[in-house]
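# Summary of structural features
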Amino acid sequence: MLGFLKEPVVVTAEINVNLVALTVMALISRLWGLCYPRAVVFDEVYYGQFVSLYMKRIFFVDDSGPPFGHMLLALGGYLGGFDGNFLWNRIGAEYSMNVPVWSLRLLPALAGAFCVPLAYQILVELHFSHCAALGAALLILLENSLITQSRFMLLESILIFFILLAVLSYLKFYNLQKHRVKYMGLFTYMLLLATAGLHFWHMIGDQNLSNVSLLCHFLARALALIIIPMGLYLSFFYVHLALLYRSGPHDQIMTSAFQASLEGGLARITQGQPLEVAYGSQITLRNVLGKPVQCWLHSHTNTYPIRYENGRGSSHQQQVTCYPFKDVNNWWIVKDPGMQQLVVSNPPRPVRHGHIVQLVHGITTRYLNTHDVAAPLSPHSQEVSCYIDYNISMPAQNLWRVEIVNRESDSDVWKTILSEVRFVHVNTSAVLKASGVMFMCLQLLLHAVLVISEALLRNSYTTITNNRLSGASLPEWGYRQLEVVGEKLSKGYHQSMVWNVEEHRYGKSQEQKEREVELHSPTQMDISKNLSFMAKFTELQWKILTLKNEDTEHKYSSSALDWITMDTNIAYWLHPTSGAQIHLLGNVATWASANAAALLYLCLSLWYLLRRRRRIYDIPEDAWQLWMSAGGICAGGWAVNYLPFFLMEKTLFLYHYLPAVTFQILLIPVVLQHLGDHLCRSVLLKSMLSALIVAWFSSVYFVYCTFSPVTYGQPALSPTELRALRWKDTWNILIRKH
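Residues numbered from 1 in each chain as written. Predicted model: local features only at pLDDT ≥ 70, side-chain atom pairs only at ≥ 80, totals over all residues. Heavy atoms only, no water.

### Some details on the pattern of salt bridges
Throughout the structure, instances matching the rule amount to 15 salt bridges. R246 is the partner of E263 in a salt bridge, and the nearest nitrogen-oxygen pair spans 3.7 Å. Pair noted here: E263 is in the loop between α10 (256–260) and α11 (266–270) and R246 is in the loop between α9 (211–243) and α10, with a separation of 17 residues, a long-range link. Of the charged contacts in the structure, one is a salt bridge between E621 and R612, with a shortest N-O distance of 2.9 Å. A relative accessible area of 41% means that E621 is categorised as partly exposed. Here the salt bridges do not stand alone but share partners, grouping R286, K326, E502 and E503 into one network. (Salt bridge = Lys/Arg side-chain N within 4 Å of Asp/Glu carboxyl O. Helix = DSSP H or I, 4+ residues; strand = E, 2+ residues; numbered from the N terminus. Buried < 20%, exposed > 50% of the residue type's maximum accessible area, 1.4 Å probe, protein only.)

Here's what the structure looks like:
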């Protein structure tokens, strides 16, 4: 029974010495001197802020892509015991002792190192020789730009690692069946989907495969390429939202419902609010659009000027604006037109979709009004005001119909935070609209002084943020606040026409003085309904896709055309006293060879296609299939990671090209092996090609060694040595003047 114990248990393993040696060398090249410099290097000033926010569990939004890469950087900080306390405000700033520099840079460095063995395995899975695979890995190992980018707290090396890992995983899957964390990664994913679709299309024509077998192949691909990636994608956001549960500086671009789901901030203000808006409710109304800045419906005692600078006249009624700060003058009372009371009855009478209301300004007790008078900045729209009776032939028109945009039925109750509503003017059918948020004019910093002065004069509780006001701002007589108009009703609607109740209380005081005291006091009741994960995910995903940061010209920004010939570089860091510096510069020999390989691949492919059209087959069919499949991965990977940048309206930098150039580098050994196997047919030509490859590879190593001082930042070079590195006039090598 125990006879199997008489024989020893033997485990055999195959070790690829080439792969092990490459991995060790890659780890040394990426991890050596990782803590140097102990200062903020280029975009570490950007990503470090997000790491600190993760450490403090503070919510943020970044439009560069899904949060997985940011979480990996934060994981490095967590493992190093980082508390998040560091001011990321200046490139070159020395790190304090509480910042675990080595730990923060470790994961990007490991990702960059493992790209080397991944390159080797991809070439092997594409059925190229181990010699070609070794060449590809060595080119990645000696690529200065990839080394530089992977040695700091940056995301590109992580992105490239997972792109290559995805390609290798699919190739292994495909080869197995034959034998029975930036949105740029999305383009490689689409390439893999297209490749899988093409492979499956060929399988459909295979008469040896049954329908059941084809179905199993289809389901396996759908599981591996669609269902599992979607599940992982959702899980990244789930962890992201679970970690960042506290209010932060990015809240303002989210809806009130999202803000109220975070700890602190709006949630602290709205904690305990009543859910249903009733007649007599005291409310603040936030414009749903929320950009370029969030703002609330607002009024104050000042009136529109009798005549504007352009000669047009106004109603001289009380101004109504959209104000981008919390303020007591943002409070309004929902009044029943048929009753005089401004308090909530017992039991409360909720306002429903389609009900007619009057909105009474809490402090001045004047009614929200619009009429056939041109708005100050938008003469095609109606002026919105709070009505003042001047005993002239201009009666009040202050009835508004509540339309709940996101209602489930026509009897829906108007709800705090959750309901998005439009206010349609009964007399003119105009819709209340924050006109100012439709335009992107820059608000001058000096106007903030006027805003603060007004707030102080009115004893308001104003919250000052770091955001610059922008939008269609009223002139100085309107305190540079944003314009509100009555827009004629059309078939569609814009978010600038939609509002939601943010702060809410049930009014109890009928007397004006008591009501003013009530308006100044904080709310005390609760909304017990929280947003679901899918609701938060949908909103956050939409914000990431549509959020457009202000494009600014940068000293080291470049165009996509500059990347191919490497006419640009980026100075990442400069030592404060010596000439030591770090630059993002590619290996010139490798990049030039990659361009030549891509051009040669294109020309040969066109030549073969034309010849095959004439039924002339220069290479065997299996060699043709190998040539096309390798090109689909390498040349296709370069194209999908490079060409989209010509369509992007954003500030571009050289590091955006690194995923594309990685695929282009993999194409070099593909072309070289093809030349040796099929075009250099004589012994002499093969010998000449081998000699050229040795000489060429020596030049690659020479360039790597030459630029190593500005790749690793040490040793420091003299001004003469630095001038010698300026191989192109367009390179900005920093030379300190002593």
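### Some details on unusual backbone geometry
For the bond from Y36 to P37, the omega torsion is -5°, close enough to zero to count as cis. Of note, P37 is situated in the loop between α1 (17–31) and α2 (44–55). Q714 connects to P715 through a cis peptide bond whose omega is 0°. Note that P715 resides in the loop between α19 (683–712) and α20 (719–724). With phi around 60°, R57 is a residue other than glycine that occupies positive phi space. Along the polypeptide, R57 turns up in the loop between α2 and α3 (68–79). Of note, the phi angle at S429 is positive, near 65°, even though the residue is not glycine.

### Observations regarding a nonpolar patch on the surface
On the surface, I15, V17, V20, V24, I28 and W32 cluster together into a nonpolar patch covering about 620 Å² of accessible area. Turning to its location among the elements, V24 is positioned in helix α1. (Patch = residues over 30% accessible without salt bridge, like charges linked within 9 Å, V, L, I, M, F, W, Y side chains within 5 Å. Areas by Shrake-Rupley, 256 points an atom, 1.4 Å probe, with all protein chains shown as cover.)

### Quick word on the packing of aromatic side chains
Overall, the coordinates contain 41 aromatic pairs when judged by the stated rule. Arranged with centres 5.8 Å apart and planes meeting at 25°, the rings of Y308 and W477 form a pair that is stacked. Here the residue Y308 occupies a position in the loop between β2 (296–303) and β3 (318–323), and W477 occupies one in the loop between α12 (447–457) and β11 (482–483), the gap between them amounting to 169 residues. Ring centres 5.6 Å apart and planes at 80° place the aromatic pair Y323 and F325 in the edge-to-face group. Take Y323 and F325: they sit in the same class, and that class is buried. Each member of the aromatic cluster is reached from another via a ring pair, and the members are W563, W591, W638, Y642, F645, F646 and Y657. (Phe/Tyr/Trp six-rings, centres within 6.5 Å; stacked < 30°, edge-to-face > 60°.)

### Focus: the nonpolar core
In terms of nonpolar packing, the biggest core is built from 140 residues, with F59, I570 and Y572 touching the most fellow members. Beyond its immediate stretch of four places on either side in the chain, Y572 contacts V41, F42, I91, T148, Q149, F152, L154, I582, H583, L584 and Y655. (Core = buried A, V, L, I, M, F, W, Y, C linked by side-chain atoms within 4.5 Å. Contact = heavy atoms within 4.5 Å.)

### What to know about the state of the cysteines
The tally for this structure, following the rule as stated, stands at 1 disulfide. Shown here is the disulfide that connects C295 with C322, its sulfur atoms set 2.1 Å apart. Taking the sign of the torsion about the S-S bond as the criterion, the disulfide between C295 and C322, at about 85°, is right-handed. Taken together, the positions of C295 in the loop between β1 (281–287) and β2 and C322 in strand β3 put the pair 27 residues apart, joining distant regions of the chain. (Disulfide = S-S within 2.5 Å.)

### Quick notes on helix α4 (residues 101–125)
Given a rise of 1.5 Å per residue, 25 residues ought to cover 36 Å, and the 37 Å separating the end C-alpha atoms of α4 matches this to within 8%. Maximal helix bending in α4 amounts to about 35°, located at L107; proline P108 follows within four positions. Most of α4 sits inside the fold, with 19 of its 25 residues counted as buried. (Expected span 1.5 Å × (residues − 1). Bend = angle between axes of the 7 residues up to and from the residue.)

### A short note on the pairing of strand β14 (residues 570–574)
β14 sits mainly inside the fold: 4 of its 5 residues count as buried. When β14 meets strand β15 (residues 581–584), the two strands line up antiparallel, connected through 4 bridges. From the neighbouring strand, L574 faces β15, where its bridge partner is Q581. Between β14 and β15, which pair antiparallel and follow one another directly, the connecting turn spans 6 residues. (Pairing = 2+ DSSP bridges.)

### Topic: the environment of Y506
With respect to the helices and strands, the residue Y506 is situated in strand β13 (residues 499–506). Given a relative accessible area of 18%, Y506 falls into the buried group. On a C-alpha basis, the gap between Y506 and V277 in space is 8.3 Å, while along the polypeptide they are 229 residues apart. A distance of 2.8 Å separates a polar side-chain atom of Y506 from the backbone oxygen of E276. (Polar contact = N/O pair within 3.5 Å; in protein donor to acceptor, adjacent residues only side chain to side chain.)

Function-wise, these values are silent; they only describe arrangement.
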